[in-house]
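Each chain, letter by letter, is given below.
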Amino acid sequence: MGREPAAGRRIEILETAVNLFLRQGYLRTSMQDVAEAAKVSKATLYQLCESKEGLGTEAASLLTMRMLDRVEAAAEQEHPFSQELLKQSIQIRMEQFAQRSRLAEEILFSMEEGQKEQYLMPLVQNSLQVFRCFTRVIMRTFGVGSELMAGELTFVLNGLLREYMAVNGEEGLKLEEDAVCDLIIDCLEAVMERRRDKERMITPQQMRTFQNTLDGEASSIYPNLRKMQLRKELKGAIRDYEQSGEISCLREASALIDKLKQMEEK
């Protein structure tokens, strides 16, 4: 039996799978197609994931990770209580919303009923990761101290984004993105004001259950992919320093090491 691909190579194979799934569709892409595009044997590919469904769910997790990484990078640059952070985050999510939704739908459509129980949780985890990320962005943007209130606003945001994606696009209204973002933020502010003194839709018990689901064993896919991606970026930063001698490469490597340490210490 061959060895499982190293972390960096594993990410490269997953990235190849993502690109194929997005370009020609999950249903029309075979494991052989992915193996050939990634220049690995099918045996190596099955060392990475035991089934196409497993590869699809990991590819969906990688898409989610990419989006969350970009939101996190925007958060590091923006001052707290800046609506620009929320606007950038919404725009980042708009870019990948249709891709992630289509991939998840095709994966679920292809499964037998008995398979869904095995592979559904990683897809649910992706959605919950995005929900928690935007709850935190909303808390930071509006200075909301209540996670329950921010959760309600995230529900509203999700609904507005789905409606936007439903009517926008090549055959749709071709709405201007900046104007849509401004409208969404105005709606969130209006809902926050109207709901300020009302009983929360989400109960504390529901929020605890939500957190437990995210922090449980089933959430291991995203952290593992995140670590592999960070290690790959660290190797790249070190390689760039060796080639250029730029101190900025060392700063980037140091920041990546700090992120890896934080993940390992959790």
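Residues numbered from 1 in each chain as written. Predicted model: local features only at pLDDT ≥ 70, side-chain atom pairs only at ≥ 80, totals over all residues. Heavy atoms only, no water.

*Asks:* Got a minute to help me understand the nonpolar core in this structure?
*Replies:* Note that soluble globular proteins tend to have their nonpolar side chains buried in a common cluster. Judged by nonpolar contacts, the single largest core of 30 residues is most densely connected at I90 and F142. Of all the elements in the fold, those that place two or more residues in this core are α4 (52–77), α5 (83–110), α6 (113–142), α7 (147–167) and α8 (177–195). Not counting residues within four places of it along the chain, the set of residues in contact with I90 comprises F134, L157, L161, C181, I184 and I185. Grouped together as the second largest cluster of nonpolar side chains are 27 residues, L20, L55, L63 and L103 included. (Core = buried A, V, L, I, M, F, W, Y, C linked by side-chain atoms within 4.5 Å. Buried < 20%, exposed > 50% of the residue type's maximum accessible area, 1.4 Å probe, protein only. Helix = DSSP H or I, 4+ residues; strand = E, 2+ residues; numbered from the N terminus. Contact = heavy atoms within 4.5 Å.)

*Asks:* Any chance you could explain the packing of α4 against α5 here in plain terms?
*Replies:* Helix packing for two helices is described by the angle between their axes and how far apart those axes are. The N-to-C vectors of α4 and α5 enclose an angle of 180°; their axes lie 10 Å apart at closest approach. The angle between the axes of α4 and α5 places the two elements in the roughly antiparallel class. In contact with G56, T57, A59, A60, L63, T64, R66, M67, R70, V71, A74 and A75 of α4, α5 contributes L85, Q88, S89, I92, R93, E95, Q96, Q99, R100, L103 and I107. Residues belonging to the contact of α4 with α5 are distributed by class as follows: eleven nonpolar, seven polar and five charged. (Axes fitted to C-alpha atoms, helices over the stretch in contact; angles between N-to-C directions. Parallel < 35°, antiparallel > 145°, perpendicular 65-115°, else oblique. Nonpolar A, V, L, I, M, F, W, Y, C, P; charged D, E, K, R; others polar.)

*Asks:* Quick question: what am I supposed to make of the packing of aromatic side chains here?
*Replies:* For any pair of aromatic rings, geometry is given as the distance between the ring centres together with the angle between the planes. For the structure shown, the criterion picks out two aromatic pairs. Ring plane angle 65° and centroid distance 5.1 Å describe the contact between F131 and F155, whose orientation is recorded as edge-to-face. Here F131 is found in helix α6, whereas its partner F155 is found in helix α7, with 24 residues between them in sequence. The ring of Y26 is capped by K52, whose NZ or CZ atom sits 4.4 Å from the centre of that ring. When the ring centre of F134 is taken as origin, the NZ or CZ atom of R93, which lies over that ring, is 4.9 Å away. (Phe/Tyr/Trp six-rings, centres within 6.5 Å; stacked < 30°, edge-to-face > 60°. Lys NZ or Arg CZ within 6 Å of the ring centre and 35° of its normal.)

*Asks:* Would you mind going over α7 with me for this structure?
*Replies:* Over its 21 residues, α7 runs 30 Å from end to end, which matches the ideal 30 Å to within 8%, given 1.5 Å per residue. Residues L148, M149, A150, G151, E152, L153, T154, L157, N158, L161 and Y164 constitute the buried set of α7. In this structure S146 caps α7, since a side-chain oxygen of it lies 3.3 Å from the backbone nitrogen of L148. (Expected span 1.5 Å × (residues − 1). Polar contact = N/O pair within 3.5 Å; in protein donor to acceptor, adjacent residues only side chain to side chain.)

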